[in-house]
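Observations on chain architecture
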Amino acid sequence: SNLSFYFKQWYQRRVRGKYVAAMLKPRVDDMTWNPLSDDEPITAPKMRDMALRNYCKAIGDETDSVVAEALKKFTEFAADPAGKKSGISDVFTTVMRTAIIYDDDKSTNWHKMWKLLQDSDWEADQRIYIAALARSKDETVLRQMIKDSFAEDAKAGTWRYLYYVSYHGDHYDLAWELLQTNWDEYALRYNTTSFTMGYLVEIPEVFDTDEKLTEVETFFASKESNIGTGKKTVEETVAKIKSNIKWKKEHFDNVKQWFTNLTFD
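Quantities reported herein were computed from a predicted structural model and do not represent experimental measurements. (Residues numbered from 1 in each chain as written. Predicted model: local features only at pLDDT ≥ 70, side-chain atom pairs only at ≥ 80, totals over all residues. Heavy atoms only, no water.)

1. Quick look at the pattern of salt bridges
To be explicit about the condition: For this document, the term salt bridge refers to a Lys or Arg side-chain nitrogen within 4 Å of an Asp or Glu carboxyl oxygen. Secondary structure counts use DSSP, requiring at least four H or I residues in a row for a helix and at least two E residues in a row for a strand, with both numbered from the N terminus. Relative accessibility decides the category of a residue: with a 1.4 Å probe and only protein chains considered, values under 20% of the type maximum give buried, values over 50% give exposed, and everything between is partly exposed.
In total, this model carries 20 salt bridges according to the counting rule given. Between Arg53 and Asp49 there is a salt bridge, and its shortest N-O distance comes to 3.0 Å. Residue Arg53 and its partner Asp49 are both found in helix H2 (residues 44-59); the two are separated by four residues, about one turn of the helix. The burial state of Arg53 is the same as that of Asp49; both residues are buried. Lys249 is the salt-bridge partner of Asp210, the closest N and O atoms lying 3.8 Å from each other. With Asp210 in helix H12 (residues 210-221) and Lys249 in helix H13 (residues 231-260), the pair connects residues that are 39 residues apart, well separated along the chain. Each of Glu40, Arg48 and Asp90 takes part in a single network of salt bridges with overlapping partners.

Have a look at this one:
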């Protein structure tokens, strides 16, 4: 999509949250955290998790009863992960992400979840933990997480930590900075011909300013010695940034005004 990623970020914070919360409110009010019966539709667990997860993210209020219940479930699980998983299996992603989104200034939930990650033997759970941890608003713990991800025993793959930091949208600049800082280490670890490096090369494609375009072009030009077959992905990334810049110049002000005038009556 040519839609500016920074516009998407503005839209999600200023408009989408109110709309999604209002839309999902009637559904989550009638929703249970656990199955009502053993013969519910096969899609029900996934739909339950998606509805609760998106509502908790959108409402932006830790005193909301649904958010409070998710936070309670995380506290119980973190204290006894072996005994409580069965009680949140359908809503595991919701509980983990909500715990980080509404974490305190000391990143208490983050540190609890980091320990859960280190103790986990299941890659599916590890991915959910990492995706949630990457949502932290605390750049200090995120920087430490990326540093620790280079350990030989890092769970679920070193690249995934930075990818998730960039993927969730709150830390585009941080992810780009950390990619530049650690590029040679990633290149050495994964070989620049791998698909994995492609995920990392795509990180700066979200940018939509001439300044960032120049920065991205200059950086990758300086890495020709170990860019390998990633050169094509770099060209695609640069093309997307140029597309974002063009879209922003032509459409941003009008679309922003339209959404600013949008009401939720």
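2. Brief notes about the environment of Val141
Which entries qualify depends on this criterion: By the convention used here, residues are in contact when the closest approach between their heavy atoms is within 4.5 Å.
One can find Val141 in helix H8 (residues 139-148). What makes Val141 buried here is its relative accessible area of 7%. With 35 residues separating them in the primary sequence, Val141 and Lys106 have C-alpha atoms 9.9 Å apart. The residues contacting Val141, other than those within four sequence positions of it, are Ser107, Trp110, His111 and Ser136.

3. Considering the packing of helix H9 (residues 158-167) against helix H10 (residues 172-190)
Under the convention used in this document: Each axis is a line fitted through C-alpha atoms, and for a helix only the stretch in contact is used; angles between axes span 0 to 180 degrees, taken between their N-to-C directions. Throughout, the term roughly parallel applies to angles under 35 degrees, roughly antiparallel to angles over 145, roughly perpendicular to angles from 65 to 115, and oblique to all others. Definitions for this section: a left-handed crossing has its near helix turned counterclockwise from the far helix by less than a right angle. A right-handed crossing has that turn clockwise. When residues are sorted by character, Ala, Val, Leu, Ile, Met, Phe, Trp, Tyr, Cys and Pro go into the nonpolar class, Asp, Glu, Lys and Arg into the charged class, and all the rest, Gly among them, into the polar class.
Running from amino to carboxyl end, H9 crosses H10 at an angle of 160°, the nearest separation of the two axes being 10 Å. Here H9 lies roughly antiparallel to H10, going by the angle between them. Crossing of H9 against H10: the hand is left-handed. Packed against H9, whose contacting residues are Thr158, Trp159, Leu162, Val165 and Ser166, the element H10 presents Tyr172, Ala175, Leu178, Leu179, Tyr186, Arg189 and Tyr190 at the interface. Class assignment for the residues of the contact of H9 with H10 results in nine nonpolar, two polar and one charged.

4. Side note on unusual backbone geometry
Positive phi values are uncommon outside glycine, yet Ser107 reaches one of about 55°. By secondary structure assignment, the location of Ser107 is in the loop between helix H5 (92-101) and helix H6 (108-119). Positioned with a positive phi, Ala156 is a non-glycine residue whose angle comes to about 65°. The topology assignment puts Ala156 in the loop between H8 and H9. Among the residues examined, Ala156 registers a relative accessible area of 14% and is labelled buried.

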